[in-house]
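Single-letter residue listing:
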Amino acid sequence: MAKDNYTPKIELDRNKVADWINEQVRRAIKEVLEGIMEAEAEELLCAKPYERTDERADYRNGKRKRNLQTRVGEIELEVPRLRVLQFKTEVIERYRRME
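Nothing here was measured: the structure is a model prediction, and the numbers come from that model.

Describe a nonpolar patch on the surface, and please don't skip the residues or the numbers.
Side chains of I10, L12, V17, W20, I21 and V25 sit close together on the surface and give an oily, nonpolar patch of about 620 Å² of accessible area. In this structure, V25 sits in helix α1 (residues 14-45).

Structure representation (structure tokens):
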């Protein structure tokens, strides 16, 4: 039997690949930034979600959406809200573009 040296040709649409990569980067950035903001909220509150402690400084009050413009496109972040204390994150500056 003769050895078949046929190699299939794979064609990729560069735009589709670039869009897919940018979406993966946006998802990763969103996950990391939201994780950091959750950790900052826990530190400010002195308690994890649903945790009851004597040191608790305030309570969570849901999340607000905030858009962040990056090189790979706009990312919608969910920023923690607190009932009394004002949550200010060190991750993103207000009204700034992130590179």
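Having seen the model, we can carry on.
A description of α1 should follow, citing residues and the corresponding values.
Between its first and last C-alpha, α1 extends 46 Å over 32 residues, near the 46 Å set by a 1.5 Å rise per residue. The secondary structure elements touched by the buried residues of α1 are β1 (60-70) and β2 (73-82). In this structure D13 caps α1, since a side-chain oxygen of it lies 3.1 Å from the backbone nitrogen of N15. Backbone geometry just downstream of α1 places C46 in the positive-phi region, at approximately 65°.

Can you tell me about the environment of K48, naming the residues and giving the values?
The residue K48 is located in the loop between α1 and β1 in this model. Taking C-alpha positions, K48 is 18 Å from V32, a pair spaced 16 residues apart along the chain.

Talk me through the pattern of salt bridges; I want residue IDs and the actual numbers.
Oppositely charged side chains may form a pair once their charged atoms are brought near each other. Scanning all chains against the criterion turns up 6 salt bridges. With a closest N to O distance of 2.8 Å, K30 and E34 form a salt bridge. Of this pair, K30 and E34 both sit in helix α1, 4 residues apart, which is roughly one turn of that helix. We note a salt bridge from R60 to E38, for which the minimum N-O separation is 2.9 Å. Taken together, the residues R60 in strand β1 and E38 in helix α1 connect sequence positions 22 residues apart. Here the residues in one salt-bridge network are E23, R26 and R27, joined through shared partners.

Can you tell me about the environment of E90, naming the residues and giving the values?
Turning to its location among the elements, E90 is positioned in the segment after β2. Considering only alpha carbons, one finds E90 and N67, 23 residues apart in sequence, at a separation of 16 Å.

Can you lay out unusual backbone geometry for me, pointing to particular residues and giving the numbers?
Even without a glycine there, the phi angle at C46 is positive, about 65°. One can find C46 in the loop between α1 and β1.

Could you give me a rundown of the nonpolar core, with the residues and numbers involved?
As a rule of thumb, nonpolar side chains are buried together in soluble globular proteins. Ranked by size, the top nonpolar core spans 12 residues in total: L33, M37, A41, L45, L68, I75, L77, V79, L82, F87, V91 and I92. For this core, the secondary-structure elements that each account for two or more residues are α1 and β2.

Can you lay out the pairing of β2 for me, pointing to particular residues and giving the numbers?
Relative to β2, β1 is paired through 9 bridges, and the arrangement is antiparallel. The residue of β2 that forms the bridge with R64 is V79. Linking two consecutive strands that pair antiparallel, namely β1 and β2, is a turn of 2 residues.

Rules used in this analysis
- Along each chain, numbering runs from 1 in the same order as the chain's sequence is written.
- Whole-chain, interface and lining totals are the exception, using all residues; otherwise, since this is a predicted model, local features are given only for residues with pLDDT of at least 70 and side-chain atom pairs are given and counted only at 80 or more.
- Computation of side-chain values covers all heavy atoms of the structure but excludes hydrogens and water.
- Patch membership is restricted to residues that have no salt bridge and whose relative accessible area is over 30%. Joining uses 9 Å for like charges and 5 Å for the nonpolar side chains Val, Leu, Ile, Met, Phe, Trp and Tyr.
- Using the Shrake-Rupley algorithm and a 1.4 Å probe, accessible areas are obtained, with residue cover drawn only from the displayed protein chains.
- Here, a salt bridge means any Lys or Arg side-chain nitrogen found within 4 Å of an Asp or Glu carboxyl oxygen.
- Secondary structure elements are taken from DSSP: a helix is a run of H or I of four residues or more, a strand is a run of E of two residues or more, and numbering for both begins at the N terminus.
- A helix is expected to span 1.5 Å for every residue after the first.
- We call two residues in contact when some of their heavy atoms are within 4.5 Å.
- In protein, a polar contact requires one atom able to donate a hydrogen and another able to accept it; more generally it is a pair of N or O atoms within 3.5 Å, and residues adjacent in sequence count only if both atoms are side-chain atoms.
- Among buried residues, the Ala, Val, Leu, Ile, Met, Phe, Trp, Tyr and Cys ones that are joined through side-chain atoms within 4.5 Å form a nonpolar core.
- Here's how the labels work: a residue is buried when its accessible area is under 20% of the maximum for its type, exposed when over 50%, partly exposed in between, all with a 1.4 Å probe on protein chains only.
- Any two strands with at least two DSSP bridges between them are considered paired.

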